[in-house]
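Here are the chains, one letter per residue:
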Amino acid sequence: MASLLTALLLSAAPAALATHGDWIIGCDNQRACHALARGSGGAEPRLRLVLRRDGAAEAAARLDVSLPLSVAAGSRVTLAVDGRAIAQLIAPGAGGGLALPFEGKIAAALLRGRRVTLVASHRRVLAGASLSGLGATVRAFDAAQWREGSATALATPARGARAAAVAPIPPVPALPVVDQPEVTGAKPRRFTAKDARKLLGRDAADCVAPQTWRLDAAYTLLALEPGCAAARGLAALYLLPAKGRPVAATIDLATVAGAPGWDPARRRLVSAAGPLRQEYAWDGARFRLVLEQHDAALPDAMGDEDTITTWRATVAVH
């Protein structure tokens, strides 16, 4: 019971990414896991390999293989592990990829191997990926998805291990719902130079002019220039009620990726620094986390397959 309670508490916050050998993995708050190979394991370009599995008990694991732009549509290429072919692929062209079931002989070969390569005609190697750490990665999938020791586990039980009773895989948690109040046609509350002096002090003129946006019928969002606010020990974001003094805005996470900025078209507070991106939605009282994504930050990173999501929520406007 204690371990279950701990797991439930941990599932209420975004999880950090983990690295196993040459693979990096992250799982979101619905136990959907996503891992990718970080290195080629050789001199060739990195082969984009992404292992995915949703959190539902019946969800199957799949391996997404991205083919280079140079491979023409209809071309036959071979996926090989340590020089032995495990799958023949027909390229869709235009840099498109293919999804293979991560099961049976394909999964077994990948878990035993050291390196996987994409081979064109005349045994020309187009790209490769290291398999170092893949075994630990699939064990991490199983642990995060409550599959350890079950018939749906990706990891093979150790030789001679006794079968143990395995609890049923619990249902996937529901996505959090953020109820966002409807924005009105009212203009943002004015924030005058006099207001700025009251909040910032006499040297308020040194700050960049603050920006305001209407959040809902009750509040206006006030954003100060982050460097100016930090130099004075102030918050960068404030809420302006219809009357009275500004109050510092409250954000779900104490630590955000970077200085957040408001996207008025999408009504999102966006914080991004380095490989981490977070988005927050206003619920009438505070800004709630609705998306957290990590860029794997690989030298040749490109596209969604190099982004790992660790938190998602639904936004409902009322």
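Criteria and cut-off values
Each chain carries its own residue numbering, running from 1 in the written order of its sequence. Totals for whole chains, interfaces and linings use all residues, but because this is a predicted model, local features are given only for residues with pLDDT of at least 70 and pairs of side-chain atoms are given and counted only at 80 or more. Water and hydrogen atoms play no part in the side-chain values, which are based on all heavy atoms of the structure. Whether two strands pair depends on DSSP finding at least two bridges between them. Secondary structure elements are defined from DSSP: runs of H or I of at least 4 residues count as helices, runs of E of at least 2 residues count as strands, and each element is numbered from the N terminus. Here, axes are lines fitted to C-alpha atoms. For helices the fit covers the stretch in contact, and angles between N-to-C directions go from 0 to 180 degrees. Here the term buried applies to any residue with accessible area under 20% of the maximum for its type, exposed to any over 50%, and partly exposed to those in between, with areas from a 1.4 Å probe on protein chains only. Counting rule applied: Lys, Arg positive; Asp, Glu negative; His and chain ends not counted. Take a side-chain nitrogen of Lys or Arg and a carboxyl oxygen of Asp or Glu: if they are within 4 Å of each other, that pair is a salt bridge. By the criterion applied in these results, polar contacts are pairs of N or O atoms within 3.5 Å in which, for protein atoms, one can donate a hydrogen and the other can accept it, and in which residues neighboring in sequence qualify only through two side-chain atoms. Residue contacts are counted whenever heavy atoms from the two residues lie within 4.5 Å of one another. The criterion for a disulfide is a pair of cysteine sulfur atoms lying within 2.5 Å. Every residue gets a pLDDT, meaning the predictor's confidence in that residue, from 0 to 100. Here the arc refers to the set of directions running from the helix axis out to each C-beta atom.

### Here's the deal with the sheet that holds strand 20 (residues 307–312)
Remark on secondary structure: sheet strands pair via backbone hydrogen bonds, oriented parallel or antiparallel. As summarised here, the arrangement of the 5 strands in space is 16-17-18-19-20, forming an open sheet in which the pairing is antiparallel. The outermost strands of the open sheet, each flanked by one partner alone, are strand 16 (261–263) and strand 20. Geometrically, the sheet is characterised by an average inter-axis angle of 25° between neighbouring strands, direction not taken into account. In this sheet, strand 17 (residues 268–273) lies alongside strand 16 in antiparallel orientation, the contact comprising 3 bridges. Paired with Gly 261 across the strands is Val 270, a residue of strand 17.

### Notes on the side chain of Arg 268
Mapping Arg 268 onto the fold places it in strand 17. Although Arg 268 is buried, it makes no salt bridge; Glu 279 carries the closest opposite charge, 4.0 Å away. Polar contacts involving the side chain of Arg 268 include one to the main-chain carbonyl oxygen of Arg 266, which spans 3.1 Å. Dropping the residues within four chain positions of it, Arg 268 is found in contact with Gln 180, Gly 261, Trp 262, Asp 263, Glu 279, Tyr 280, Ala 281, Val 290 and Val 315.

### A few points about the state of the cysteines
Under the definition given, this model contains 1 disulfide. Cys 27 shares a disulfide with Cys 33; S-S distance 2.0 Å. Between Cys 27 and Cys 33, the S-S torsion sits near 105°, and that sign places the bridge as right-handed.

### Some details on the sheet that holds strand 15 (residues 247–248)
Spatial strand order, 12-13-14-15: 4 strands in an open sheet with antiparallel pairing. The open sheet has two edge strands with one neighbour each: strand 12 (211–214) and strand 15. Looking at chain direction, strand 14 (residues 237–240) and strand 15 are connected through 2 bridges and run antiparallel. Note that in strand 15 the partner of Tyr 238 across the bridge is Ala 248.

### Regarding the pairing of strand 6 (residues 76–81)
Burial within strand 6 is extensive, with 5 of its 6 residues counted as buried. Where strand 6 and strand 7 (residues 84–90) come together, 6 bridges link them in antiparallel fashion. The partner of Ala 80 across the bridge, within strand 7, is Ala 85. From the end of strand 6 to the start of strand 7, which pair antiparallel, there are 2 residues, and Asp 82 there has a positive phi angle of about 50°. The pairing of strand 6 with strand 9 (residues 115–119) spans 4 bridges and is antiparallel. Paired with Ala 80 across the strands is Thr 117, a residue of strand 9.

### A few points about the pattern of salt bridges
One pass over the structure, following the stated rule, counts 10 salt bridges. Here Asp 28 and Arg 312 are joined by a salt bridge, their closest N and O atoms 3.0 Å apart. With Asp 28 in the loop between strand 2 (23–27) and strand 3 (33–37) and Arg 312 in strand 20, the pair connects residues that are 284 residues apart, well separated along the chain. In this structure, Glu 279 and Arg 266 form a salt bridge, with 2.7 Å as the shortest nitrogen-oxygen distance. A residue pair is termed long-range when its members are at least 10 positions apart, and Glu 279 in strand 18 (residues 276–282) and Arg 266 in the loop between strand 16 and strand 17 qualify at 13 residues.

### Observations regarding the confidence of the model for the chain
For the chain, per-residue confidence averages 85 on the pLDDT scale, and residues scoring 70 or more make up 87% of the total. pLDDT under 50 marks residues 1–11. Its contacts with residues more than four places away, or in other chains, come to 4 contacts.

### Details of the side chain of Arg 267
Its location among the elements puts Arg 267 in the loop between strand 16 and strand 17. It turns out Arg 267 is buried and unbridged, and the closest side chain with the opposite charge, Asp 216, is 6.2 Å from it. At 2.8 Å, the side chain of Arg 267 forms a polar contact with the backbone oxygen of Leu 215.

### A look at helix 4 (residues 193–200)
Those residues of helix 4 not exposed but buried are Ala 196, Leu 199 and Leu 200. One face of helix 4 carries all of its buried residues, which in axial projection span an arc of 80°. Counted as exposed and oriented over 90 degrees from the buried face of helix 4: Lys 194 and Lys 198. Positive backbone phi, approximately 100°, marks Gly 201, located one or two places after helix 4.

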